[in-house]
Structure formats: structure tokens, C-alpha cells
Amino acid sequence: MLNSIFIKTFIARLLSFVVSVFLLAFPVCAQSYGDPVDELLFSSEDPAEDADADKTGSAKEEIPAKFEKANLDMHVVYGQYNNMLSVINLSQERRGFAYILNSNYKRSNDYGYKDTVYNNSSFFENSLEFSGNLSFDDSFSSTLTVGVENDSRGMFDKIDYSREEKDKFTIYSKNIRKFSQNYEAYIVFDAAFYKHRLERRDEEAESIRNYLTRYAGEVGGEYIWSSSNRISYMVQGSQYNYSETGIGDDRFIHGQIVDDFKITGLFGANVGLNTAWSKDSGLFAWDAQGIPLPLMPMAGITFFGNDYYTVYSNYKYTLESFRPEEYYFSLNYISPTYNLPPAKVHYADLQLDLMMPGAFSVKSVLSYEKSNNFYNYLPSEVSENLLTAHAVPASKWSFTTDLDMNLIGKKVRFLGSYHLKYFQAEENITYQPEVTYIMGLRYDGSLLNVDWTNHFLGEVYVNPETGKKLDNATVGYLDIQFKATESFYAYLRLENLYNEMYYIRDGYPESGLTILFGLRVIL
């Protein structure tokens, strides 16, 4: 099984490399994108910042020489347990066209903790994504994103199932047409295919195969009435087709219209209405003193301080469909239940943005959410070693703050992220840590780059009906890159730096300290 998986993955990687070499043959503009893990924790650059850079000046203006080559950032590291991590990021840009090609691959043989090696713990993760933007002129642009992901994990010594495998294919297209200086409209097509498999170990168990196909579309636009008033609208629809017998197709339609306006130079507001229809629950209606109203309210206010702070506040009452592809495929060792009802949700938030250009930025959000169908994880009837979900009424308070600060002449960068959640429900809300935070330091020198990050994972309930919890843990990562030449770096990566014994899923331990060595190439 693993050999065939490895062959398929190797072929996919080979094809992606051939595509990369082919694309490198064209003279285009380069833009750097780092390791996706580093981007998540450390990057504050917006890839769209330079998207319109070529729209100014004469059409005969020559492209600067520095934009005549592609940018390739690739690193490969190898270490304990035959663990390998490979990341390739290729970006190109020329007048009217830009794209990014990202490839990520990670694998490991059976791993362990200290002197213990866990049987049947091997895994691999593979993803390949292409995203391109084409601008025909100032009035029309088109974006296309295509992605493929594969995931295969051994289920340790569980007696019923031996391995879980997941596949995902997505395609997304958005086309924007600007009809005048005041009006623009867009159309979106979105499709995806998700497949989930469980290989049996016990002869009494049955191997499980299921999949879903999702189709979605959206149309919308914006009309600017004046410099202080604009109105936007959107209508989207989606359909889910399931492979499981007895589960019918699911359809969902949602639409909204919002008027956004400034009252003064320092104060703005928006008001709107939204409506929705679901195959399961029909037209979404708000019972206002016995009168069903099919239009739900939306409102918000904004205080524009100056260049240093902004305050936002929003409220909406809406119907949200169950999205199994987002809820299940982000978690391992699952047995999906697809026919869960949509949720009626009251949502309100208060957001504060503080910034000192070149020094620091802080974003804090306090939010409240009340749902009649919050999707909570629980052990599956198929196996106690697998998770599924059901709907339960719940309320959630959450607070998030993110800090980005430059230190020591901008050579050292500190990033911190803190998340706090509090639930009120009839049962324990599982796999939702009350407290999590990430703290990281990054040093960029002429010869040495160092990334040191720490993830604190708070306690989580593992069963709605019992008080059992997974213990908290602090997981550290250290990346050291030594510049050998202008384009080559020696790379050292330490995962689980403090050698913590920890779990993300009950019954499935994570690896202890893992040391990897390799190279990073930047062209």
C-alpha cells in the first residue's frame, strides 16, 4: 500500500517539477514567497500589494530588468524516522499576468517518543496548488486557483482500522468586470471533490469508502453612489452530492445586500439584509411576534481614528449551511456524518486595530456567536477510535489578539497570537481548546536566519458526555539557515523542540523531538 502511494506521489512531484521548469523558461516578474509554515506565522506582506504596479505609465514602458526572471524558493530537509519535508514555491509576474505555484510534501516512517517507536504511525501529506491572475485591461480580470491534496496516516495499533486516507481536488474561478468608474460586477465558479477511505484491519470490520462532490456559484457587484456611499450585493448557491446510500443531495442558497456609507470623516456605518434557503429547512424566516420575516438584519459601525487605529463592530443574523469538507477534512481519524442540518446563527463582534508603521501592529477581536446547531465532535458509532459530529445548541465567546513587532533595528521580529474561547452548551464542546497561543522570534541576518516559535495547546474535551481531557502542551520549533552562497543555505530544523509527550487526537500520540537537515535554494 505504502509503495503504491509513494509511486503516485513521486509521479505527482515529478510532474510539478516539469511544470516548474517549463514556466521558468519565460521572462517574467519575480515575487518572493517563503515557506508556507513561516508565512502563516511571520509574513505580513500582502501578495496583492504590487498587483496593480504595472497599470501605471505608458504602454510602451519597458519592464525593469529585475522583473525579467522568476523567483524560486525551495527547501528540502531529511532526518529521523526517514522524515522528509519538501517545499517548493515558484512565483512569476509580468504585465497583465501573475501566478504562484506551491508544492508541499511531508512524509515519515513509523515515528516515536524517546526510545519507543509507535507501530503503524507512518504518514505522508502532499499538496500542489496553482493560482493565477490575468488582467486583460483595466476593466476585466480573472483569477483561477486549482489545488490537489493527499493525506495518508497509519492508525497505530487500533484493532479495527489500519489506515486513513483523504484526497481533495478543488478549482476556483473568479471573473471581475468593471463597467464604469462607479459599477463593477463579478461571477464565481467553485467546485471540489473530496474522498475519504478507511482500510480495515479486523476481518469483522468493513473498509469504508465515501466521497462528496460540491458545486458552487456566486454573482455579486458593487455600485458607488458617491465618495461616501456604496452599495454591494451577492447571491451564492451550492450543491452537495454524496456517495453514501440514504443521504440525498443538499442545496443551499444565500443572498445579501449591504449599504455602506460614511457619516463623517471619522465615522461610518453599514446596514443590510440577508436571506437564505436550504433544502433541509426551507426558507430561512425570523419569527417576529408571530410574523415570519424572510429577511434577516445586518449592521455595522466603523470609527476611523487616523493612521494609527480603527474600531469596527458588526452584527448579523443568518443561516449557515453545514460544510463537511471544511469540518471533517481538517481533522484526522474521522468517520464523516454528512446529513447535518444548517444552523441559525446570531453573530456579533468588536474589532480594534492599532498600528505604528515600521514598529508594531495589534489586531484584537472580541466576538459572540449563538447557534441553534453548533457542530460538535463525538466518538463515531462505526468505531470508538474515530470521530464524527452532531448538532447541538451552543453559545461561544471568543477573544483573539495578534501582535507583530519589529525589534533591534528591524533585524528581529516578534509575533504573538492569543486565543481564548468560552462555550455554553448542554454538553462538553470537544477539540476546542479554551486557550491557545503562539509566540515567535525571527532573526534575519546577512549570514544567518533563525526562526523560533512556540505553540501552546490548551486542554480539550475528547467526549461530550465525560470530563476526560487531553493535557495541555507547549510545542517548540526551531529553524536555522546558514547562508553558504548567494542562493544556497544549509538548513537545520528541530520539531517538538522540548520533546513534549502530547496528543492532538485522543489515542494518537505525536512524535517526540525530530531533527532534520537539508538545503534551501533561492533563485
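To be clear, the structure that these remarks concern was listed above.
Please read all numbers here as calculations on a predicted model, not as lab measurements. (Residues numbered from 1 in each chain as written. Predicted model: local features only at pLDDT ≥ 70, side-chain atom pairs only at ≥ 80, totals over all residues. Heavy atoms only, no water.)

Looking now at the overall build of the protein. Looking only at helices and strands, the protein has three helices and 31 strands in total. Here the protein holds 523 residues, and 41% of them are scored as buried. Contacts in the protein between residues at least 24 apart in sequence constitute 57% of all its contacts with a sequence separation of at least 6. Total accessible area on the protein is roughly 27,800 Å²; 58% of this is exposed by carbon and sulfur atoms. (Helix = DSSP H or I, 4+ residues; strand = E, 2+ residues; numbered from the N terminus. Buried < 20%, exposed > 50% of the residue type's maximum accessible area, 1.4 Å probe, protein only. Contact = heavy atoms within 4.5 Å. Areas by Shrake-Rupley, 256 points an atom, 1.4 Å probe, with all protein chains shown as cover.)

Glancing now at the pairing of strand 7 (residues 140–154). Pairing of strand 6 (residues 123–137) with strand 7, which is carried by 14 bridges, proceeds in the antiparallel orientation. Bridged to Phe123 within strand 7 is Arg153. Between strand 6 and strand 7, which pair antiparallel and follow one another directly, the connecting turn spans two residues. Looking at chain direction, strand 7 and strand 8 (residues 161–178) are connected through 15 bridges and run antiparallel. Following the sheet pairing, Asp151 is matched in strand 8 by Lys166. (Pairing = 2+ DSSP bridges.)

Below, the discussion takes up the environment of Ile480. Here Ile480 is to be found in strand 27 (residues 473–483). Judged by relative accessible area, Ile480 falls into the partly exposed class, the value being 26%. Sequence-wise, Ile480 and Trp452 are 28 residues apart; in three dimensions their C-alpha atoms are separated by 8.7 Å. Not counting residues within four places of it along the chain, the set of residues in contact with Ile480 comprises Leu448, Asn449, Val450, Ala490, Tyr491 and Leu492.

Now for the packing of aromatic side chains. What the rule picks out here adds up to 30 aromatic pairs. Considering the side-chain rings of Phe156 and Tyr508, the 5.7 Å spacing of their centres and the 65° angle between planes classify their relative orientation as edge-to-face. Here Tyr508 lies in strand 30 (residues 508–509) and Phe156 lies in the loop between strand 7 and strand 8, a separation of 352 residues in the sequence. One exposure class covers both Phe156 and Tyr508, and it is buried. Ring geometry for Tyr183 and Tyr223: centres 6.4 Å apart, planes at 45°, overall tilted. (Phe/Tyr/Trp six-rings, centres within 6.5 Å; stacked < 30°, edge-to-face > 60°.)

Of note in this structure, Asn82 is not a glycine but carries a positive phi near 55°. The backbone of Lys114 shows a phi angle near 55°, a positive value even though the residue is not glycine. By relative accessible area, which is 59% here, Lys114 ends up exposed.

Before going further, it helps to examine the pairing of strand 22 (residues 412–425). One ladder, built from 14 bridges, connects strand 21 (residues 387–407) with strand 22; its direction is antiparallel. Paired with Leu403 across the strands is Gly416, a residue of strand 22. The turn linking strand 21 back onto strand 22 is made up of four residues, and Ile408 within it adopts a positive phi angle of 50°. The sheet contact formed by strand 22 and strand 23 (residues 435–444) spans nine bridges and is antiparallel. If you follow Leu420 over to strand 23, its bridge partner there is Val435.

Topologically, Gln236 is positioned in strand 11 (residues 229–242). Given a relative accessible area of 26%, Gln236 falls into the partly exposed group. It is 9.2 Å that separates the C-alpha atoms of Gln236 and Gln256, two residues lying 20 residues apart in sequence. Excluding its chain neighbours within four sequence positions, the residues that come into contact with Gln236 are Gly217, Glu218, Phe252, Ile253 and His254. Reaching out from Gln236, the side chain makes a polar contact with the side chain of Glu218 at a distance of 3.1 Å. (Polar contact = N/O pair within 3.5 Å; in protein donor to acceptor, adjacent residues only side chain to side chain.)

Locating Asp404 in the fold gives a position in strand 21. There is a polar contact of 2.7 Å between the side chain of Asp404 and the side chain of Arg413.

Attention now moves to a nonpolar patch on the surface. On the surface, a nonpolar cluster with roughly 620 Å² of combined accessible area is contributed by Leu350, Leu366, Trp397, Phe399, Tyr418, Leu420 and Tyr422. Those elements that place two or more of their residues in the nonpolar patch are strand 21 and strand 22. By residue number, the principal contributor to the nonpolar patch is strand 22, which donates three residues. With respect to the helices and strands, Phe399 occurs in strand 21. Assessed through its relative accessible area of 31%, Phe399 is described here as partly exposed. (Patch = residues over 30% accessible without salt bridge, like charges linked within 9 Å, V, L, I, M, F, W, Y side chains within 5 Å. Salt bridge = Lys/Arg side-chain N within 4 Å of Asp/Glu carboxyl O.)

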